[in-house]
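A look at the structure
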Amino acid sequence: MSKKAIVVKKQTISLRAARAVIAAAVAKAEEMGFAVTVAVVDESGVLKAYERMDGAALVSVQLAQDKAYTSVGFGLSSDGWYDFIKEDGPLAMGAPSGIDRLVTFGGGYPIKVDDVVVGGIGVSGGHYTQDMEVAKAGLAVLS
């Protein structure tokens, strides 16, 4: 077997881009007047960069990471998962308990470049609608 058949090159978010996403998200949370935790993961869901603002709730630490992880799992936002499962009883019952780290409310988004998932962002600390707004501000720095 050739080396080309053995090795697959993956596209992933750079540390520089991950840090820029976090800085933009934190700036938006500061502007909105609340503290958040922001996590950026790579294409495999492994933590790439992370920041917990002073005063961010303890539960936001894991939730931010899990929202980011959720978003790269299928390239679907965390709130998109709710829409995906809500009308399917067996899936709605099984997915949250059967998929580790799955979050089905807002604040997690895949980070895509040319329709390829290269990472994900997760924000936690406010109401999920606020987390979504902060995450989108973080993503905007990449466009």
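Computed from a predicted model, the values in this text were never measured in an experiment. (Residues numbered from 1 in each chain as written. Predicted model: local features only at pLDDT ≥ 70, side-chain atom pairs only at ≥ 80, totals over all residues. Heavy atoms only, no water.)

Here's the deal with the overall build of the protein chain
Tallying secondary structure elements over the protein chain gives six helices and four strands in all. Here the C-alpha atoms of the protein chain give a radius of gyration of 15 Å, agreeing with the 15 Å that 2.2 N^0.38 yields for 143 residues. On the principal axes, the C-alpha backbone points of the protein chain span a range of 55 × 40 × 25 Å. Taken across its 143 residues, the protein chain has 41% of its residues classed as buried. Of all intrachain contacts in the protein chain linking residues separated by at least 6 positions in sequence, the fraction that spans at least 24 positions is 65%. For the protein chain, the exposed area adds up to about 8100 Å²; of that, 55% sits on carbon and sulfur atoms. One way to put it: in the protein chain the 14 positive side-chain charges average out to a point 10 Å from where the 16 negative ones average out. (Helix = DSSP H or I, 4+ residues; strand = E, 2+ residues; numbered from the N terminus. Rg over C-alpha atoms; globule rule 2.2 N^0.38 Å. Buried < 20%, exposed > 50% of the residue type's maximum accessible area, 1.4 Å probe, protein only. Contact = heavy atoms within 4.5 Å. Areas by Shrake-Rupley, 256 points an atom, 1.4 Å probe, with all protein chains shown as cover. Lys, Arg positive; Asp, Glu negative; His and termini not counted. Charge placed at Lys NZ, Arg CZ, Asp CG, Glu CD.)

Observations regarding helix α4 (residues 78-85)
Among the residues of α4, those classed as buried are S78, G80, W81 and I85. The arc enclosing the buried residues of α4, seen along the axis, measures out at 145°, which places them on a common side. (Arc of directions from axis to C-beta.)

Concerning the pairing of strand β1 (residues 37-42)
The buried count for β1 comes to six of six residues, which makes it a mostly enclosed element. Of the two faces of β1, the one lined by T37, A39 and V41 and the one lined by V38, V40 and D42 are each fully buried. Two strands pair when backbone bridges link them, and β1 and strand β2 (residues 47-52) are joined in this way by five bridges, in the antiparallel orientation. The residue bridging T37 from the neighbouring strand is R52, located in β2. Bridge count between β1 and strand β4 (residues 116-124): six bridges; the pairing is antiparallel. Note on β4: the bridge partner recorded for V41 is G120. (Pairing = 2+ DSSP bridges.)

Observations concerning the environment of G120
Relative to the assigned elements, G120 resides in strand β4. Take G120: its relative accessible area is 0%, and that puts it in the buried class. Between the alpha carbons of G120 and V41 there is a distance of 5.2 Å; along the sequence they are 79 residues apart. Setting aside its immediate chain neighbours within four residues, G120 contacts A39, V40, V41, A68, S71, V72, Y109, P110 and I111.

Notes on the sheet that holds β1
The four strands lie next to each other as β2-β1-β4-β3, forming an open sheet whose pairing is antiparallel. Each end of this open sheet is capped by a strand with a single partner; those strands are β2 and β3 (108-113). The average angle at which neighbouring strand axes cross in this sheet is 15°, direction not considered. Here β3 runs beside β4; their pairing, made up of six bridges, is antiparallel. In the sheet register, G108 faces β4, and the bridge partner there is G122. Lying over the sheet, helix α2 (residues 15-32) contacts β1, β2 and β4, oriented at roughly 25° with respect to β2. Lying over the sheet, helix α3 (residues 59-73) contacts β1, β2, β3 and β4, oriented at roughly 155° with respect to β4. (Axes fitted to C-alpha atoms, helices over the stretch in contact; angles between N-to-C directions.)

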